[in-house]
Amino acid sequence: MNVSEVSSIALQTFLTMLVVMDPIGLAPIFIGLAGNRPSFERRKVALKAALVAGGIILVFGLVGRALLEHLGISLSAFRVAGGVLLFLIALDMVFARPSGSKETAEEGAEAQERQDISVFPLAIPLIAGPGTLASIMIQANTAHGNPLLLAVVFLVTAFVLALCYLALRLSGQIARVIGVTGVHVVTRVLGVLLGALAVQYIADGVVELLRGGLRTG
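Residue indices begin from 1 for each chain and proceed along its sequence in written order. Local features in this predicted model are restricted to residues of pLDDT 70 or higher, and side-chain atom pairs are both shown and tallied only at a pLDDT of 80 or more, whereas totals for entire chains, interfaces and linings draw on every residue. Excluding hydrogens and water, the side-chain values take into account all heavy atoms of the structure.

> Would you mind showing me how to read the pattern of salt bridges here?
Pairing between side chains of opposite charge can happen when the charged atoms of each approach one another. When a carboxyl oxygen of Asp or Glu lies within 4 Å of a side-chain nitrogen of Lys or Arg, that pair is called a salt bridge. With the rule as written, the count across this model stands at three salt bridges. Here Glu69 makes a salt bridge to Arg65, at a shortest N to O gap of 3.6 Å. Separated by four residues within a single helix, Glu69 and Arg65 lie in helix H3 (residues 39–71), roughly one turn from each other. Think of it in three bands: residues with accessible area under 20% of the maximum for their type are buried, residues over 50% are exposed, and the middle band is partly exposed, with areas taken using a 1.4 Å probe on protein chains only. Residue class for Glu69 comes out exposed when judged on its relative accessible area of 54%. Ionic pairing is found between Arg79 and Glu208, a salt bridge with its closest N-O pair at 3.7 Å. One end of the pair, Arg79, is in helix H4 (residues 75–94); the other, Glu208, is in helix H9 (residues 171–216), with 129 residues separating them in the sequence. Per the convention used, a helix needs a DSSP run of H or I reaching at least four residues, while a strand needs a run of E reaching at least two, with both numbered from the N terminus.

Take a look at the structure:
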């Protein structure tokens, strides 16, 4: 293992988690859900959402592979499925459509009526949604059991999660500075990057599946 390997997995994890969690995109959603609440309550909700999402992501990153093995699902198949899911999310981001993989219209309506929105829908599925959980499992596997690389994956993910928390805390300022158009522009750019990463996930998974088939054939 060398510095280039560590920097490579750190950069890949950062880009993947950044585009999947989409901190900038969280700002207008948070305003819509909690904009009428006092500032101290919004800070409390933002912190709780970040902590709960972090716990969920950590659990999936550590035990996700064992869960797949218990269910008889190969990591290659999961990589392809995760890539397809991320590609669909990327399409929604590029075309500025509400993503059903994060929150349905019914869930959004329910969230407006809930007193505590930190766990649902903020922590899950908006921050720790299916795309995020699939990504952390794939990135954790990229470490190949190396404790240092695994630590890099979780530290970088924690940094992106901190950016999500800051976006929630500063949601009012972000919305005023960049506006709705600015949010859509940033989201579309991140969507293109996510689409490219999703295609790479699918390609890697297909190659691994074909290699496994050739070895058993």
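From this point, the narrative continues.
> Hey, could you run me through the nonpolar core in this one?
A general tendency of soluble globular proteins is for nonpolar side chains to be buried together. Within the largest apolar cluster, 49 residues are counted, with the highest numbers of intra-cluster contacts made by Met21, Phe30, Leu86, Leu122, Ile127, Ile136 and Leu194. Listed by contribution, the elements that provide at least two residues to this core are helix H1 (3–21), helix H2 (23–34), H3, H4, helix H6 (118–127), helix H7 (130–142), helix H8 (147–169) and H9. In terms of residue count, the dominant contributor to this core is H8 (nine residues). Nonpolar cores were defined as sets of buried Ala, Val, Leu, Ile, Met, Phe, Trp, Tyr and Cys residues, with membership established by side-chain atoms within 4.5 Å.

What is shown is where atoms sit, not what they do.
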